[in-house]
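Next come the chains, spelled out residue by residue.
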Amino acid sequence: MQLISRLFVLLAVVGASNATAAQPSAPSTYDARHVLEDRLLVIEQQVVPAAVVMPETDYGYAPHGGAFAGVRTFAEQLKHLAAANWQLGSKALGVDPPSGTHDEEAPPSVRTKAEILAYLRGSFECLHRAIATVDDRNMVDTIPGLSGTWQRTRLGLIIDALAHSSDHYGQIVEYLRAKSIVPPASRPPEKR
């Protein structure tokens, strides 16, 4: 499933780039960077409000029994998602993630809802900065010190972060619904 998500995002990016290239007479500033930024904004606008709406008393909630034994708590889902964002965005920027962030895990000092929200929001800011560095010349240039194939490029790292965040958003939604909370992104628009 993760591979399909990554391929979908890659096809959207390549398609947007090709569509722009196919219409040279129509001036456009919408490029691969904008496609990535738009998708990141959607994910951020889903994840952060979902994290905000869960009461702090339920941050320790995790499904239990059967196949759910040992799954992450709601707080651990958020911290894991954020740590991966920090790590992937930092690699794309060529900087270190926050101290204590490693192996897609947040620093142990990130414990309360307020600390988790700050760490989560910071991780999305890091991805915004990483996306701002992407252009047609460097998006698939290999980044020194990284291994793999697509994982060695800015585009690959950002697609990985987008797909990973989307995967975990789906899990976060299940946790909210198990607590009888409708995710903010699923609520009907408010009438004025």
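### Description of the packing of helix α2 (residues 32–53) against helix α4 (residues 113–132)
Argument step 1. As a packed pair, α2 and α4 sit with axes 10 Å apart at the nearest point and diverge in direction by 175°. Between α2 and α4, the crossing angle belongs to the class labelled roughly antiparallel. Between α2 and α4, the contacting residues are R33, L36, E37, L40, L41, I43, E44, V47, V48, A51 and V52 on the first element and K113, L117, L120, R121, F124, L127, H128, I131 and A132 on the second.
Argument step 2. Across the contact of α2 with α4, the residue classes tally to 14 nonpolar, one polar and five charged.

### Here's the deal with the confidence of the model for the protein chain
Argument step 1. Averaged over the protein chain, the pLDDT score is 87; the fraction of residues at 70 or greater is 85%.
Argument step 2. Ranking the elements of the protein chain by mean pLDDT puts helix α1 (residues 2–22) last with 47 and α4 first with 98.
Argument step 3. Of the regions scoring below 50 in pLDDT, residues 1–11 engages in 11 contacts with residues more than four places distant in sequence or in other chains.
Argument step 4. Across residues 13–27, where pLDDT falls below 50, the model places nine contacts with residues more than four positions away in sequence or in other chains.

### Concerning α2
Argument step 1. In this model α2 runs 32 Å from its N-terminal to its C-terminal C-alpha over 22 residues, within 8% of the 32 Å that 1.5 Å per residue would give.
Argument step 2. All of the buried residues in α2 are A32, V35, L36, L40, I43, E44, Q46, V47, V48, A50 and A51.

### Some remarks on the packing of aromatic side chains
Argument step 1. For the structure on display, the rule yields four aromatic pairs.
Argument step 2. Geometrically, the ring pair formed by Y59 and F74 is edge-to-face, given 5.1 Å between the ring centres and 70° between the ring planes. One end of the pair, Y59, is in the loop between α2 and α3 (74–93); the other, F74, is in helix α3, and 15 residues separate them in sequence.
Argument step 3. Judged by its relative accessible area of 4%, Y59 falls in the buried class.
Argument step 4. Using a relative accessible area of 0% as the deciding quantity, one classes F74 as buried.

### Some words on the nonpolar core
Argument step 1. Core analysis: the biggest nonpolar cluster contains 47 residues, and L36, V47, Y59, F74, L78, L120 and F124 have the highest contact counts within it.
Argument step 2. Those elements that provide at least two residues to this core are α2, α3, α4 and α5 (154–178).
Argument step 3. The contact partners of F124, leaving out residues within four places of it in the chain, are L40, I43, E44, V47, V48, L81 and N85.

### Let's talk about the packing of α2 against α3
Argument step 1. Two numbers describe how α2 lies on α3: the axes approach to 11 Å, and their chain directions differ by 150°. Considering the angle they form, α2 stands roughly antiparallel to α3. The element α2 and its partner α3 pack so that their crossing is left-handed. On α3, the residues that touch V47, A50 and A51 of α2 are F74, L78 and L81.

The rules behind each value
Residues numbered from 1 in each chain as written. Predicted model: local features only at pLDDT ≥ 70, side-chain atom pairs only at ≥ 80, totals over all residues. Heavy atoms only, no water. Axes fitted to C-alpha atoms, helices over the stretch in contact; angles between N-to-C directions. Helix = DSSP H or I, 4+ residues; strand = E, 2+ residues; numbered from the N terminus. Parallel < 35°, antiparallel > 145°, perpendicular 65-115°, else oblique. Contact = heavy atoms within 4.5 Å. Nonpolar A, V, L, I, M, F, W, Y, C, P; charged D, E, K, R; others polar. pLDDT = per-residue confidence, 0-100. Expected span 1.5 Å × (residues − 1). Buried < 20%, exposed > 50% of the residue type's maximum accessible area, 1.4 Å probe, protein only. Phe/Tyr/Trp six-rings, centres within 6.5 Å; stacked < 30°, edge-to-face > 60°. Core = buried A, V, L, I, M, F, W, Y, C linked by side-chain atoms within 4.5 Å. Left-handed = near helix turned anticlockwise from the far one by under 90°.

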